[in-house]
Every structure is written in structure tokens, then in C-alpha cells.
Amino acid sequence: MAAKRILLIANPAAGRRQGEQRLAVARTQLEALGHAVTAALTESAGHATRLAKSNAPDFEIVAALGGDGTVNEVANGLMAVELGERPALATLPVGTGNDVALTFGLTHFESAIDALANGGTRTLDVIRVQLMRDGEPVTRHALLFVAAGFAAEVIRKTGPRVKRLFGRRFSYSVGLFRALASFRAPEFSVKWDGGEKRGRMFQVCTGNTEFGAGGVMRISPGARPDDGLLNISLVGALGRLQIVRRFPSILSGRYVEDERVDYFTGKRLEIDAVPPAEIQADGDIIGTTPAAIELLPGALRLVTPE
């Protein structure tokens, strides 16, 4: 087994503040196997992105120890590096959702360490989002999905306290019902390859993988992270009672069969809304409309089990 140069970037607050402890465990195990390991703890939002970007040339693998937010930050740092110099991304799941890890069979922390030490890599499509944040245009990337409308409100209502109390299985469902009390569907304008739609919409979503919310919600049925396509869903405006009645179908993915849902594949989507709608990517609110969303095929290599 060839030794690898690995950078571990850990969120100390992940897993009910177990990040630093888990970082020490991972480093010890990987060094015992002969790998050259450098470890770093994040200090603030966006720090993981800066660490990944500035240190990428010195490593073969950059691993995110934390939840999907940490993985997303590290991925954004790697996407700022030229493709030919871009290290592979790895994830060591310690968060609430861990959807990136779950999607690729990394269901446990120990199995993820084993994959990091002994596994291979696979290419992964990446979603690029150009949007507004604090009045300025920004570019962000996502691995799982990007959504505007209700999905962002759910994240706002699924804060750290809800995650701590209800855990991965129930926290996002609790957030969903809390979001119902305040959400108002915006007037959306959506354009894609060969089509457009306007009107009040509950949600606009582009998916790169099937599941979100800790593997509980099948947001984009049939989506594959390496097929070069976005799975796009446009959900018409629904009342609160209609949403409650359709909750099981939201979990199972059968909501896309509803006549008020347009579900199709594409490579690019433009979204605008009145009032401006918040946009969620991989479980974090990243800005507001207007936004242009595009898929970048095979943009990252991800460490997976052998």
C-alpha cells in the first residue's frame, strides 16, 4: 500500500463537539498505516474552504471531518484549484446529515477511515451556482443539490438546537413542519434548456444525488452523481394542509408524480424570484436569487470504499 499525503480538515463543533477528538483518532490510525497526515481545525465559517484552497498543491487527498457543511466548504476550496492540480476529496462523517458519506457507502466513521487509507476514487459531477450574497455576486459549488423556496426555509428552521434534540432521523422533518408556519411561496421565473416557467412555486430544486436531510428525504428520485445531468423539480404553490397530506410522498420521492410538479433533467437552470428567494446548497443557505445553476461533469474525484 503506497503512502498518501493527506490533509484532514475538521470542524471542532461537529458531532456535538466531537470534531477535535475524532480528528486525533483519524490522524493516529492513518499515521499508523504509514500515511503522511497533516491536521487542521476550522475556526470560523468559510475557514475550511480557505484551508483546502491554499494547501491543495501539497496533498493527494483533502479530507473533510464533519457534516455536509464541512464537506461542502472543502469541496468549494478544491474547486478553486486548477483541475489538473486538484486533490481528491474525502469525507469522514461526524455531522447530523452526512448525506455525501451516506450516498457513497461511507455509513460509519471507521469505514470512512478505512476507505481513506485503502479505497479508490471515483469522478463526481459538481453543481456550480452563481448567485447574490449581501448585494454582491458570488460563485459557490454543491455536491448534492441546490434548491430555492421551501427547502431554504426548512434549513432555517432546522437549527443546531433542533438537530441536537431530534438527531438525524427526525430533525429535518421537525424543521419542515416548523417552516410551514412562516413560508410564503414567491413568484418564480425559471428558465432551462429549451423551456421556461413563471408563477408562484413552492420549491425549485436541482439534484445531483437522490437523497437529502440525512438520507430521510428522497429529493431527486433517480438522480446520479456521475451522469452529467441535473434532476430538476419545479413544485407548484401548495397550501399548508396539502403539504401535510403529501408529507409521506416528500419522504419517498413520489411527490414528483403529482400533477403540480414538473420533473425533468437538464444541465443548466436560471432562477429569479419576487421577492428574492433564499437558496440552499447541501444543507446551508448560501445566498439569494437571481441565480444561474450549471452542472460541471466529472469535476471532482471522491474517495470511496474499494
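Our subject is the structure that appears above.
First things first, this report covers the structure right here in the doc. (Residues numbered from 1 in each chain as written. Predicted model: local features only at pLDDT ≥ 70, side-chain atom pairs only at ≥ 80, totals over all residues. Heavy atoms only, no water.)

### Regarding the packing of helix α3 (residues 47–55) against helix α4 (residues 68–79)
How two helices pack is summed up by the angle between their axes together with the distance between the axes. Direction vectors running N to C along α3 and α4 enclose 35°, while the axes themselves pass 7 Å from each other. Once α3 is placed against α4, the crossing between them reads as right-handed. Here His47, Ala48, Thr49, Ala52 and Lys53 of α3 come into contact with α4, specifically with Glu73, Val74, Asn76, Gly77 and Leu78. When its residues are assigned to classes, the contact of α3 with α4 shows four nonpolar, four polar and two charged. (Axes fitted to C-alpha atoms, helices over the stretch in contact; angles between N-to-C directions. Helix = DSSP H or I, 4+ residues; strand = E, 2+ residues; numbered from the N terminus. Left-handed = near helix turned anticlockwise from the far one by under 90°. Contact = heavy atoms within 4.5 Å. Nonpolar A, V, L, I, M, F, W, Y, C, P; charged D, E, K, R; others polar.)

### What to know about the pairing of strand β8 (residues 187–192)
Note that β8 and strand β9 (residues 195–207) share six bridges and pair antiparallel. Residue pairing for β9: Glu187 is matched across the bridge by Arg200. Here β8 folds back onto β9, and the loop between the two strands holds two residues, one of which, Gly194, carries a positive phi near 85°. (Pairing = 2+ DSSP bridges.)

### Quick word on the nonpolar core
Within the largest apolar cluster, 46 residues are counted, with the highest numbers of intra-cluster contacts made by Ile9, Val74, Leu78, Leu89, Leu143 and Leu300. Examining the composition of this core, we find that five residues originate from one element, α4, more than from any other. Ignoring sequence-local partners within four residues, the contact set of Leu143 consists of Val71, Ala75, Leu89, Val100, Leu124, Val126, Asn208, Thr209, Asp282 and Leu300. Core analysis: the second largest hydrophobic core is formed by 24 residues, Leu23, Ala26, Ala88 and Leu116 among them. (Core = buried A, V, L, I, M, F, W, Y, C linked by side-chain atoms within 4.5 Å. Buried < 20%, exposed > 50% of the residue type's maximum accessible area, 1.4 Å probe, protein only.)

### Describing unusual backbone geometry
Omega for the peptide link from Val274 to Pro275 comes to -10°, which places this bond in the cis form. Within the element layout of this structure, Pro275 appears in the loop between β14 (268–274) and β15 (278–281). Across the junction of Thr289 and Pro290, the peptide omega takes the value 5°, indicating a cis bond. Along the chain, Pro290 falls in strand β16 (residues 284–304).

In short, shape yes, function no, at least from these values alone.
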